[in-house]
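Below are the chains, spelled out letter by letter.
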Amino acid sequence: MQLIVDVCTDDIIKSIKKMDCNDIERVKNALIERTIYFKKFKKDKIENVIRDFKGEGYSDDFLKDLESGLRKSSIYYENKTPKR
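Caption draft 1: Region of interest: the pattern of salt bridges. Summed over the entire model, instances satisfying the criterion amount to four salt bridges. With a closest N to O distance of 2.2 Å, D23 and R26 form a salt bridge. One end of the pair, D23, and the other, R26, are both in helix α2 (residues 21-33), three residues apart, so they sit about a helical turn from each other. Relative accessible area serves as the criterion here: at 25%, D23 is assigned to the partly exposed category. For R26, a relative accessible area of 54% corresponds to the exposed category. Residue R71 is joined to E47 by a salt bridge in which the shortest nitrogen-to-oxygen separation is 3.1 Å. Highlighted residues: R71 in helix α4 (residues 60-72) and E47 in helix α3 (residues 46-55), separated in sequence by 24 residues. The network of salt bridges with common partners includes E47, E67 and R71.

This is the structure in structure tokens:
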């Protein structure tokens, strides 16, 4: 049986605040064992992303929109003004 519960971030933080150090350490270790932690996003070149989508048969119009969106996205231009 699987039970899924929606819990907001604030409730999770409140629960963690009530834990002692040993409980927090067990939670931390469980997250690490399951690789549930933040990993730095490794982005691919836009050209490679477009090529992958093209290989899946997406339309030229979609590919143009995708490329345009990626070039303007914060993932590719974090502290730069996007090209228009």
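Caption draft 2: The nonpolar core, seen in detail. Counting eight residues, the largest nonpolar core is built from I46, V49, I50, L63, L66, L70, Y76 and Y77. Mapped onto this core, the elements with two or more residues apiece are α3 and α4.

Caption draft 3: Region of interest: the packing of α3 against α4. One way to put it is that α3 packs onto α4 with a least axis distance of 10 Å and a crossing angle of 155 degrees. Classified by the angle between their axes, α3 and α4 sit roughly antiparallel to one another. In the crossing of α3 with α4, the sense of the turn from one axis to the other is right-handed. In contact with I46, E47, V49, I50, F53 and K54 of α3, α4 contributes F62, L63, L66, E67, L70 and R71. Considered class by class, the residues forming the contact of α3 with α4 number eight nonpolar, no polar and four charged.

Basis of the calculations
- Sequence positions are assigned chain by chain, starting from 1 and proceeding in written order.
- Given that this is a predicted model, residues contribute local features only at a pLDDT of at least 70 and side-chain atom pairs are listed and counted only at 80 or more, while totals for whole chains, interfaces and linings are drawn from all residues.
- Based on all heavy atoms of the structure, the side-chain values leave hydrogens and waters out of the count.
- Here, a salt bridge means any side-chain nitrogen of Lys or Arg that lies within 4 Å of a carboxyl oxygen of Asp or Glu.
- Every helix listed is a DSSP run of H or I at least four residues long, and every strand listed is a run of E at least two residues long, numbered separately from the N terminus.
- For the exposure calls, accessible area comes from a 1.4 Å probe over protein chains only, and a residue counts as buried if that area is under 20% of its type's maximum, exposed if over 50%, partly exposed in between.
- The criterion is simple. A nonpolar core is a set of buried Ala, Val, Leu, Ile, Met, Phe, Trp, Tyr and Cys residues joined through side-chain atoms within 4.5 Å.
- Between N-to-C directions, angles span 0 to 180 degrees; the directions come from axes that are lines fitted to C-alpha atoms, helices contributing only their stretch in contact.
- Here the angle decides the label: under 35 degrees means roughly parallel, over 145 means roughly antiparallel, 65 to 115 means roughly perpendicular, and every other value means oblique.
- Crossings are classed by handedness, with left-handed meaning an anticlockwise turn of the near helix from the far one by less than a right angle and right-handed meaning a clockwise turn.
- Contact criterion: two residues are considered in contact whenever any of their non-hydrogen atoms come within 4.5 Å of each other.
- Basically, the charged four are Asp, Glu, Lys and Arg, the nonpolar ten are Ala, Val, Leu, Ile, Met, Phe, Trp, Tyr, Cys and Pro, and anything else, Gly included, counts as polar.

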